[in-house]
Amino acid sequence: NLSSPPLAGAPVSTKAVPEKRRGGFVATYGEGELLKEGEGEQTLKGRYIIRVGWDDVRGFAAIGGTLIGTARCAAFREIEGRRTAALNLVRHGIDALVVCGGDGSLTGADRLRDEWPEHMNALLERGDISQEQCDTYKNLNIVGLVGSIDNDMAGTDMTIGATTALHRICDAVDSISSTASSHSRAFVVEVMGRHCGWLALMASIATGADYMFIPERPPTAEDWQSSMCSVLSRHRDEGKRKTIVIVAEGAHDCNLNPITPDEIKDVLTNRLGLDTRVTTLGHTQRGGNPVAYDRILATLQGAEAVEAVLSSTPSTPSPVIGISENKITRQPLMEAVAKTQEVAKAIEAKDFERALGLRDPEFED
Ligand code: F6P
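Here is what the cut-offs are and how they apply
- Residues numbered from 1 in each chain as written.
- Predicted model: local features only at pLDDT ≥ 70, side-chain atom pairs only at ≥ 80, totals over all residues.
- Axes fitted to C-alpha atoms, helices over the stretch in contact; angles between N-to-C directions.
- Helix = DSSP H or I, 4+ residues; strand = E, 2+ residues; numbered from the N terminus.
- Left-handed = near helix turned anticlockwise from the far one by under 90°.
- Contact = placed C-beta atoms within 7 Å.
- Nonpolar A, V, L, I, M, F, W, Y, C, P; charged D, E, K, R; others polar.
- Near = placed C-beta within 6 Å.
- Pairing = 2+ DSSP bridges.
- Core = buried A, V, L, I, M, F, W, Y, C linked by C-beta atoms within 7 Å.
- Buried ≥ 20, exposed ≤ 12 C-beta atoms within 10 Å, placed from the backbone.
- Parallel < 35°, antiparallel > 145°, perpendicular 65-115°, else oblique.

Engineer: What should I look at first to understand the packing of helix 7 (residues 224-237) against helix 8 (residues 261-272) in this one?
Structural biologist: For any two helices packed against each other, one specifies the inter-axial angle together with the distance between the axes. The N-to-C vectors of helix 7 and helix 8 enclose an angle of 65°; their axes lie 11 Å apart at closest approach. Two packed elements cross with a definite hand, and for helix 7 against helix 8 that hand is right-handed. Residues Gln225, Met228, Cys229, Leu232 and Ser233 of helix 7 pack against Val267, Arg271 and Leu272 of helix 8. When its residues are assigned to classes, the contact of helix 7 with helix 8 shows 5 nonpolar, 2 polar and 1 charged.

Put into structure tokens, the structure is as follows:
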């Protein structure tokens, strides 16, 4: 992470790319410290910028988590932290970054690019870099990839990791369903997604859940308990032996009061007399081997990111790689970030229709 997060990145150098086509650099997670000349070649404590080659990443698509690690770094929020990152990049001959993260990492990366000339001048003035380095590293190229299980970025149909998390959730709900059916119980299953209900919505469809709560379609404050109970009673009357309610961790009512799994459990127990359990799936959703779709998506988008790095010019706005209607896309990174932040604001303003429309312009009720 260079100086480091929220910039979680895998920099690709167009200048220092290897004589033997051995690959690019990977920045490992760090603590905002300045690297000494040459230190990046060491793997000391696993925290510095290291060069990786094909041998290091072979078979990588099948492994969960990250090779480079990730962290949130307060230093990168300050201009001095970003200047340290700039110096680390120049010292490693890196003039382009492929940044994989959510809107925070992408915004941080874009800011680093905006400030780049200022950083170069300051570093030159301080004597940290030579005039030749300043001339050579006049520009920094940034390309974004969106890695998030939440699928919460506007302007792309899918983010890397979301389908794997969905698969984990479906597996878990299938397993829970066995006990639910045998004991004729109700289960309230909480899934991740932060402020986005995509995981909860898709998991509900895929597992045939009886009811769900998502942030984008909040029930009215007064009547959600009655409407839920009437749907669930009908399902029981139709002969179902189990009840599954999926709740997104960001779910709330239309007054933005959180709807919690325990609250739902109490309603099911007290009003419907159902033997109810709560299961919070937690971080099991965020690990394990990626499903085929995520491997393919990450590979295609990674290739597109390298193309974008190589074809970018100082006047091109930094792109973010997405996917739309099954085609890999590029769009201005900050447009996607701004739209994503607008969605959050629309939800805060209780304008849920607008939030849905912004996230997916094709959306129809
Ligand atoms: O953004 C990914 C995510 O897994 C969210 O779904 C969840 O709210 C959050 O991260 C959990 O973060 P942490 O691991 O820091 O608790």
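Back to the text.
Engineer: Sorry, what's going on with the site of the ligand here?
Structural biologist: Taken together, Ser148, Ile149, Asp150, Met192, Gly193, Arg194, Glu249 and Arg286 are the residues near the ligand. When grouped by side-chain class, the residues that make up the shell around the ligand number 2 nonpolar, 2 polar and 4 charged.

Engineer: Even after reading the chapter, I still don't get the pairing of strand 10 (residues 319-324), so can you show me in this structure?
Structural biologist: Looking down a regular strand, the side chains alternate between one sheet face and the other. Across 2 bridges, strand 5 (residues 141-146) lies against strand 10 in parallel orientation. By the bridge assignment for strand 10, Gly144 is matched with Val320. As paired elements, strand 10 and strand 11 (residues 327-332) share 6 bridges and run antiparallel to each other. Its bridge partner being in strand 11, Pro319 is matched across the sheet by Pro332. Between the end of strand 10 and the start of strand 11, which pair antiparallel, lie 2 residues, with Glu325 showing a positive phi angle near 45°.

Engineer: Just checking my understanding: could you explain the nonpolar core for this structure?
Structural biologist: If you look at soluble globular proteins, the nonpolar side chains tend to sit buried side by side. By size, the foremost hydrophobic cluster in this structure holds 42 residues, and its most contacted members are Ala86, Leu97, Val98, Val99, Val143, Leu145 and Ala305. If you list the elements that add at least two residues to this core, you get helix 2 (79-91), strand 4 (96-101), helix 3 (103-125), strand 5, helix 9 (292-311), strand 10, helix 10 (333-348) and helix 11 (352-359). Examining the composition of this core, we find that 6 residues originate from one element, helix 3, more than from any other. Sequence-distant contacts of Ala305, defined by excluding residues within four places in its chain, comprise Val98, Val143, Leu145 and Ile321. Counting residues in hydrophobic clusters, the runner-up holds 39 residues, among them Val188, Met192, Met202 and Ala251.

Engineer: I keep staring at the packing of helix 3 against helix 10 and nothing clicks. Help me out?
Structural biologist: Contact pair helix 3 / helix 10: the axes reach a minimum separation of 10 Å and the direction vectors enclose 140°. Compared by their axis directions, helix 3 and helix 10 come out oblique. Crossing handedness for the pair helix 3 and helix 10: left-handed. Contacts between helix 3 and helix 10 involve Asp103, Leu106, Thr107 and Asp110 on the former and, on the latter, Leu333, Met334, Val337, Thr340 and Gln341. The residue makeup of the contact of helix 3 with helix 10, split by class, is 4 nonpolar, 3 polar and 2 charged.

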